[in-house]
Structure formats: C-alpha cells, structure tokens
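Read off the chains here:
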Amino acid sequence: MPTDVEEWKDDIYGTDIRAHIERFAEEGWDSIPDEERDAWFERFKWYGLYHQRAGQESYFMMRIGTPNGVLEPGQLRVVGGVAKEYATGPVDNPEFGDSWADFTTRQSIQLHWIKVEDIVEVWDALESAGLSTVQACGDSWRNIVGCPVAGKDDHEHVDALETVHEFQSEFKENDRYRNMPRKWKVAVTGCVEGCGQGEINDLAFDPATKDGVKGYNVRVGGGLARNEPRLARDIDVFVPHEKAATVADGMSALFEAYGNREDRYSARMKFLVDEWGTEKVRETLQDEFVDFELQSAGEGFRDSYSYNAGREGDGHDDHVGVHPQADGRNYVGLNVLVGRMGTEDVLELADIADEYGSGEVRLTQRQNVIVTDVPDENLEEFLAADLLVDYEPDPSPFMRGSIACTGTEFCSLSIVETKNRMVRYARFLRDNVELPDEVEDFHVHLSGCTASCAQPQIADVSLRGMKTRKDGEPVEAFDLGLGGGLGENPRFADWVGERIPADEVPGAIGNVVETYKRDREGSETFRDFVERHDEDELAALVEPEETSYEDPMMHNTKRTWYPYAEDDDMAASPAPTDRNDVPLDQGDDAAPADD
C-alpha cells in the first residue's frame, strides 16, 4: 500500500507546486490549512523548502542548489544579500549572530528563518542571478556533487564539470523525474583523487579509461543514513564521456520504476541493490533502460584516491590551502568551521573574490569554500585579507577537520545540538590536544542523529547524537566511532563508544589521540592505527573524561523552541508569526518587530 507521502505527491508535485507556494506567499501563513500542513510541507521540499521544527512554526529553511558547488561571479553576493534581508532570526545565535549562510556536505547553501510571505521575493532575487532552489530537496534529483575544482585542477582525467552541466540541463529544474521513490543523490568525479565521494551516493561516475577512450565507471547504491550505511557497488559498466547522461537517465528510470514506494525507510537505491545484486541491476539497465550495448568496466584510478582517505600520500585530502590551477593561476581553500559563515562575512568573501580572483567561489563537501583564479601577483595581498583571520587557509587540524549538521537548532530529526557544540569542541581540541607534528588532517564529524548528514561514518572520529543520564539527570550524549574514511579501500567507522555525555567527549577524543601518539608505529596515520586494532581493543581506548571543557547545552535542547534563547521554553516561542514577524496570537495591538 503506498505511503501517505506517495498519495500527497500523486495529487500535486513537481513544478505544479510553485503556483500553490506563490498563493500561500500572497495570502500568508494562516492560509495553509492546519490539517493539510504535513502534506504541503512535504511538497514544498521539491522547491528546496523545509519547515523548521516545533517551536519555530511559520519559519522555513531554504536550500539553494549549486551544481558541483560552483558559484559563478556575482552569485555569492546575491546569496549574502538575500540572507541579510530575508534570513534574519528573532534571537541571536551566540556564535554566529542572527544571520548567516550554511555550506553543506552536498555543496549547497542553506538559509534559515525564511518566511513563506517572502519566498517569491527571494526566488526573484536568486533567479535573477541564475540560482535556483528547485529540487534542492524532495524525492527527485538532489544537488549534483563532484570535485569542487573540476575544470581547474591539473589532476583531472575527464571534464566532470561538462558532465555535471549536462546532467543539470537534462534532469534538474524540470518534471522529467518529478516523483521518484525517494531522494536521488548523484556524484560525478573527473579527477584521479576521488574528490566527488561517489562511494556514498546513489549513483556515482568515477573516472576511467577503456580502449583509449576517456569516460566513467559506474557504481550504484551508496549512502549513509539510518544506521544502514552502504558503499556504492560496481555494476561493471564503463560509459564514454558523451554517453554519461544516457546511463544516468537509465539508472534514474530504473529506480523510479522499481524503488520501494510502500516503505520510505526502504525506498533507497542501496536497498534495491541489496535485494537484486549488481548483476540484476546491470541486466535490467541493459534490457529495459538503454538502447545501446553497455561496455564492461574500464581501468579506473581508485589506487590514487586520496580525498578524505586518512592515508599517507601526496594527493589532496581536502582542498584547504593554496593550490596551483592547470592554467597557471591559483585556487585558495578557506576553512569555514562547521560550514557556517555570517552574512557580512559572506559579502566580504564576495568582495575579495572579485578583487583578487575572477569572482567565482566554490563549495566543497567538507563545508569549506574555495576562491578560484587568483593570479600569483594577487596571492600575497589576498592571503593578508582580514577575512582570512577567521577563515584560515592553514588552520589547526582539528579546526580543518570539523564538520557538523544542522542539529536541534532547526532540525526536527536531530536529538542534540550540533553546530555551536562542534565549534566549541574544535577550539578546545586545538588548544588542549596535540597531534603528531606531521598530521595536518584529522576529521571529526558530528551528526545530530542517524540521518548522518554530517557523514560521520567516514571520519577519523565519528560522533552521533544520543541521550543518556548523568548524575541522575537526562543529558545530551554521543556514540563515538573511530577510523572511517574513503580512498582506495573505503571503510566505515567502528562504533566503539556509547552514550558518552557531551561534556566528556573532548576528554575521550584527547585520550584516544594520546594513545595514538604513544603507540603508533612509525609515521602511521590515525586510520592505519585504528585498522590494526579490533573493536574490543578500540573500545578500551575510549576513556570519557571531564576536562576544563564546559558545555552550556547539556539539557534537552530538542524540547526548547530555540536552544540559545534566554528563555528557551516552548511556551516562550514567538512563533507562529505574520509577514512582519509579529506573533499571530498577540492580535492587532502587538508591537511591530524590530527591523
């Protein structure tokens, strides 16, 4: 029997939704019928809109899709302007103020505190700059990810950016795949270092060569969510560069036809591959969805994959720092701690990208930003810019490696607060824990729940939100994993610590690092160190400990209206509010909100 979501989508979905959102924007929040809100909010996702959680009624998160993370000259400035005018919250976040942009692990941008009444104006501003929120969420093609310096890097085997643009034209911002069983995540990697992270996507194109022809090997069925992680599996298909879109079309149609529509938990490609096996997937693709003979896999480059690998070697583990482009100019990767940048900083970044580069900015899957096209003669002045004090090109390994999802600040799925906590963790670890001198990358990923938006399973240290009791009181806590990473032989972290109180996590990480420093063999990396221990041995290394670290968010932040409000009780929430941010239950005599 189809789920409620499938029935809602059958009624209205795809591009048909826009007219309804425009009507709600004109008539206001109250025009969305109470009994229909679940259905409408599910449909809104197709246009990149998520209703924020309980206590924040009438406010939305808006996701802007940026294919392959590329922001063309002028686009970042528009994002900053939109955030400043339309994405300002009623209460300050103590770390980030009242307005910011979040850069995501899928090379997209998220804005919060968007009012339904402002959505059309926001769309007008974004679309005037060539930006879109279409299919940024929902059961369709999500933002296409890949190497963030595609077309710029001299490690590129095939022009992945050309492929991404073709996919964007064929499958995005139209109704071709308006109603898939669930989200459809696609990665295109053209470089030989594996920067697209195809292993954790539904459909992955990896660089390869066959009989002297450049193209891609195809993998399917990767993903991390819901305690059911899978690595994308090889279906023994090589596709020439010019036929990649045809195979992407065929695989999308296969999932659309055979994906589970009766159980949303099981409605992902990874479960269909589990059920069928790779041979049946390939046979069905060949027999039903492509009209040419598929070639067997070509010779790939997995032995040189270094991105997020946690191994010794010369390849990129991320894109932070100064790096040469193939054209003789440079790109500079800046560390954006937990992917969040204040609005004024976003606008300043646009300024210096214009002044010292071409104005283009790119986003990475590690929540960082890259300024491209900086000539040698501009490099010194660029690196001296005031903005780079906070967004460093050469940060501490703990700052460089920190990723966090949205958390209970806005997300209804999260169990714990994440962004501000990871900022505090990173600073504490930077100031109090010493890694071996030659270790430049140490990844700590913090996810608020099992949805795994922060990709915790592929980090040196993995944190997953939980609850526990401490001194008889309920507190926020984390499961802790060790040793995940991608590269030539990807592996998921071993979960070896359970329900560690949040204020004891930095001590636990510090103790693990101290043991690693003491017992490592030669110059082995942390991942190599973890791999030569079994789970029982690793569990023994995790020693939670109270330290000088203080955590102001130990209480149940999920039950607050906003974790950082002075009065965070649900009853104190101003929501829902009207188009002027006046609480709707206060009537006409309420004072207007501050500008």
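Data block above holds the structure.
Residues numbered from 1 in each chain as written. Predicted model: local features only at pLDDT ≥ 70, side-chain atom pairs only at ≥ 80, totals over all residues. Heavy atoms only, no water.

### Describing the side chain of T343
By secondary structure assignment, the location of T343 is in helix α10 (residues 343-356). Here T343 falls in the buried class, since its relative accessible area comes to 5%. Not counting residues within four places of it along the chain, the set of residues in contact with T343 comprises G80, A83, K84, S99 and W100. (Helix = DSSP H or I, 4+ residues; strand = E, 2+ residues; numbered from the N terminus. Buried < 20%, exposed > 50% of the residue type's maximum accessible area, 1.4 Å probe, protein only. Contact = heavy atoms within 4.5 Å.)

### Side note on the pairing of strand β20 (residues 461-470)
Every other side chain in a regular strand lies on the same face of the sheet, so the side chains alternate between the two faces. Counting buried residues in β20 gives eight out of 10 residues, a clear majority hidden from the surface. Relative to β20, strand β19 (residues 444-447) runs parallel, the two sharing four bridges. Along β20, the bridge assignment pairs V444 with V461. Here 10 bridges tie β20 to strand β21 (residues 473-482), and the two strands are oriented antiparallel to one another. If you follow K470 over to β21, its bridge partner there is E473. (Pairing = 2+ DSSP bridges.)

### Examining the nonpolar core
If you look at the biggest cluster of nonpolar residues, it comprises 56 residues, and the most contacted ones within it are F44, I109, L111 and L349. Here the element with the most residues in this core is α10; it accounts for six residues. F478, L482, V505 and A565 belong to the second largest nonpolar core, which has 53 residues in total. (Core = buried A, V, L, I, M, F, W, Y, C linked by side-chain atoms within 4.5 Å.)

### Re the sheet that holds β20
Strand order in this open sheet of five strands is β18-β19-β20-β21-β22, and the pairing throughout is mixed. Here the strands that pair on one side only, and so sit at the sheet edges, are β18 (402-404) and β22 (494-501). Sheet twist, expressed as the average angle between the axes of neighbouring strands with direction ignored, equals 25°. Examined bridge by bridge, β18 and β19 share three bridges and lie parallel to one another. Among the inter-strand pairings, S402 is bridged to a residue of β19, identified as V444. Sheet strands in contact with helix α13 (residues 419-432) are β18, β19, β20 and β21, and its direction is about 165° off that of β18. (Axes fitted to C-alpha atoms, helices over the stretch in contact; angles between N-to-C directions.)

### Looking at the packing of α10 against helix α11 (residues 376-383)
Describing two packed helices takes the angle between their axes plus the distance from one axis to the other. The interhelical angle for the contact between α10 and α11, taken along N-to-C directions, is 155°, at an axis separation of 10 Å. In this view, α10 runs roughly antiparallel relative to α11, as classed from their interaxial angle. The way α10 lies across α11 gives a crossing that is right-handed. Contacts from I352, E355 and Y356 in α10 reach N378, E381 and F382 in α11. Its residues placed into classes, the contact of α10 with α11 shows three nonpolar, one polar and two charged. (Parallel < 35°, antiparallel > 145°, perpendicular 65-115°, else oblique. Left-handed = near helix turned anticlockwise from the far one by under 90°. Nonpolar A, V, L, I, M, F, W, Y, C, P; charged D, E, K, R; others polar.)

### Topic: helix α2 (residues 17-27)
Looking only at α2, the buried set comprises I17, R18, I21, F24 and A25. All buried residues of α2 lie within an arc of 120° about the axis, which places them on one face of the element. As for α2, its buried residues are in contact with α3 (37-44), β1 (49-51) and α5 (119-128). A positive backbone phi angle near 100° is found at G28, which sits one or two residues after α2. (Arc of directions from axis to C-beta.)

### Details of the pattern of salt bridges
Using the criterion set out here, one finds 52 salt bridges in the structure. Note that K152 and D373 form a salt bridge whose closest N and O atoms lie 2.8 Å from each other. A residue pair is termed long-range when its members are at least 10 positions apart, and K152 in the loop between β7 (145-146) and α6 (160-171) and D373 in strand β17 (residues 369-374) qualify at 221 residues. A single burial state applies to K152 and to D373, both of which are buried. Through salt bridges that share partners, E6, K9, E42, K45, D139, R261 and R264 make up one connected network. (Salt bridge = Lys/Arg side-chain N within 4 Å of Asp/Glu carboxyl O.)

### So, the sheet that holds strand β3 (residues 70-71)
A sheet is described by the order of its strands in space; here five strands give the open sequence β3-β16-β17-β14-β13, paired in antiparallel fashion. Of all the strands in the sheet, just β3 and β13 (321-324) have a single pairing partner and so form its edges. Where β3 and strand β16 (residues 361-363) come together, two bridges link them in antiparallel fashion. Counted as the bridge partner of V70 is R362 from β16.

### What about the side chain of Q325?
The residue Q325 is located in the loop between β13 and β14 (330-334) in this model. Given a relative accessible area of 4%, Q325 falls into the buried group.

### Points about helix α8 (residues 269-276)
Taken across its eight residues, α8 has six buried, putting it largely inside the fold. Regarding α8, the residues found buried are M269, K270, F271, L272, V273 and W276. Remark: G277 follows α8 within two positions and exhibits a positive phi of approximately 85°.

### Some points on unusual backbone geometry
That bond from A575 to P576 is cis: its omega, -5°, falls within 30 degrees of zero. Summarising the element assignment, P576 is placed in the segment after α16 (535-541). The phi torsion at E173 lies on the positive side, around 60°, for a residue other than glycine. As for its position among the elements, E173 is in the loop between α6 and β8 (186-188).

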